[in-house]
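Commentary on secondary and tertiary structure
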Amino acid sequence: MPCRTSQLLLAGAGLLLASAVRAQDQGPMPNPQAMQMQVQRIAQERPREAEAAARAFLHAISMQKGQGPAESSIALLDQLKGSDPDAYWGEVAQLTVQFDVVQGLARRDSVRAGLVTQMFGLESMARTLQRAYGGANETQRDAFRGQLEKVIAAHFDYENQLRLFEIKDIERRLAEVRAETQRRLDKRADFIKFAVDDIVRDALRPR
């Protein structure tokens, strides 16, 4: 099962993704609950194609960061497969669903897709650190907590960039609504005349 940390991050990212899609007026909005259900289904059914998708996404995340191939991330995933299959499939499921979301978003907005890819990469790092924290001693936990703070701070910054995009989209749509409202006010007499003419024509039309 996905950890609570990833569930919280997934919900926040889902809301931002919904805003991104709504701003583009294209396609259905990502639903955090539906995404979580899909994660749980994949973790339970364990389809082999999900493993390939998860590794492909880790590679895409690594390339976004400009770090080249994702051997280290994939190696950690492979280690998890040997040590904790349930956690491994939970991670595979999470990455698979996120990869699907990013691919859908990339068709609408490549800039937002890049930001979301970075966010999801940080979430993967947070889950890795969370698992390590559980089996660490107190000294190690202090170090892991410091790393987690940096990861979540970076995640927050990417979220904020998406919110700034959303603000610009809202401002643009508001300007369009205001312009249309003013146009209608300027043409008030014409709109009334056209509406009345149409009603009268309909009243005189043979039945």
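Residues numbered from 1 in each chain as written. Predicted model: local features only at pLDDT ≥ 70, side-chain atom pairs only at ≥ 80, totals over all residues. Heavy atoms only, no water.

Looking at the overall build of the protein
A tally of helices and strands in the protein yields eight helices and zero strands. Each helix and strand of the protein, placed in order from N terminus to C terminus, yields the pattern α-α-α-α-α-α-α-α. Relative to its full complement of 207 residues, the protein shows a buried share of 37%. Carbon and sulfur atoms form 56% of the exposed surface of the protein, whose accessible area is close to 12,600 Å². (Helix = DSSP H or I, 4+ residues; strand = E, 2+ residues; numbered from the N terminus. Buried < 20%, exposed > 50% of the residue type's maximum accessible area, 1.4 Å probe, protein only. Areas by Shrake-Rupley, 256 points an atom, 1.4 Å probe, with all protein chains shown as cover.)

A look at the pattern of salt bridges
Under the counting rule described, the total for this entry stands at 17 salt bridges. A salt bridge links Arg 112 to Asp 169, with the shortest nitrogen-to-oxygen separation between them at 2.3 Å. Of this pair, Arg 112 sits in helix H6 (residues 110–134) while Asp 169 sits in helix H7 (residues 138–186), and the two are 57 residues apart along the sequence. Asp 169 shares its class with Arg 112; the two are buried. In this structure, Arg 201 engages Asp 198 in a salt bridge whose closest nitrogen and oxygen atoms are separated by 3.7 Å. Separated by three residues within a single helix, Arg 201 and Asp 198 lie in helix H8 (residues 188–204), roughly one turn from each other. (Salt bridge = Lys/Arg side-chain N within 4 Å of Asp/Glu carboxyl O.)

Considering the packing of aromatic side chains
Within this structure, the stated rule accounts for three aromatic pairs. On the numbers, 5.1 Å between centres and 20° between planes, the contact of Phe 57 with Phe 99 is stacked. Here Phe 57, found in helix H3 (residues 48–64), pairs with Phe 99, found in helix H5 (residues 85–106); they are 42 residues apart in sequence, far enough to count as distant. Since its relative accessible area comes to 0%, Phe 57 is described here as buried. (Phe/Tyr/Trp six-rings, centres within 6.5 Å; stacked < 30°, edge-to-face > 60°.)

What to know about the nonpolar core
Membership of the largest hydrophobic core comes to 29 residues, with the highest contact counts inside it found for Phe 57, Tyr 88, Val 92, Val 116 and Phe 120. Elements that contribute at least two residues to this core include exactly helix H2 (32–45), H3, helix H4 (71–83), H5 and H6. Per-element accounting of this core gives the leading share, eleven residues, to H5. Judged by nonpolar contacts, the second largest core, of six residues, contains Ala 126, Leu 129, Ala 136 and Val 151. (Core = buried A, V, L, I, M, F, W, Y, C linked by side-chain atoms within 4.5 Å.)

Thoughts on unusual backbone geometry
Of note in the backbone geometry, Arg 46 takes a positive phi value of approximately 55° without being a glycine. Tracing the sequence through the fold places Arg 46 in the loop between H2 and H3. Exposure remark for Arg 46: the relative accessible area of 30% places this residue in the partly exposed category.

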